[in-house]
Amino acid sequence: MPKKYDERHGGPFDRGGADFYYGRDKNPHFYVGGTYTSERIDMIDMDMEEVDAYLAGYDEAEKRGDRKEW
């Protein structure tokens, strides 16, 4: 059974997918609340579950080929 992640906007899974979508390198982070409107938490302050969720979001977007066309 695949692991289920919290997909809220600004969360680690969401930010991983967004980084891939916009062509950014992997850089685990998330926002406590809404993206860009709340405190940003960087990898140094993330726990392993949060890093795992970020990487899963990035990898899932990559697998789907979900990338912005500029």
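Everything that follows concerns the structure shown earlier in this document.
Residues numbered from 1 in each chain as written. Predicted model: local features only at pLDDT ≥ 70, side-chain atom pairs only at ≥ 80, totals over all residues. Heavy atoms only, no water.

Trainee: Any chance you could explain the environment of Arg 15 here in plain terms?
Mentor: Position of Arg 15 relative to the elements: it lies in helix H1 (residues 12-21). Looking at Arg 15, the relative accessible area reads 6%, which means it is buried. Expressed as a C-alpha distance, the spacing of Arg 15 and Ala 53, which sit 38 residues apart in the sequence, is 9.2 Å. (Helix = DSSP H or I, 4+ residues; strand = E, 2+ residues; numbered from the N terminus. Buried < 20%, exposed > 50% of the residue type's maximum accessible area, 1.4 Å probe, protein only.)

Trainee: Help me understand the pattern of salt bridges in this model?
Mentor: Where charged atoms of side chains with opposite charge meet at close range, the side chains can pair. Summed over all chains, the structure comprises 8 salt bridges. Of the charged contacts, one joins Glu 7 and Lys 4 as a salt bridge, the two residues approaching to 3.7 Å between their closest N and O atoms. Residue classification places Lys 4 among the exposed positions, given a relative accessible area of 70%. With a closest N to O distance of 3.0 Å, Arg 64 and Asp 66 form a salt bridge. The exposure class of Arg 64 is exposed, given its relative accessible area of 52%. Through salt bridges with shared partners, a single ionic network connects Glu 60, Arg 64 and Asp 66. (Salt bridge = Lys/Arg side-chain N within 4 Å of Asp/Glu carboxyl O.)

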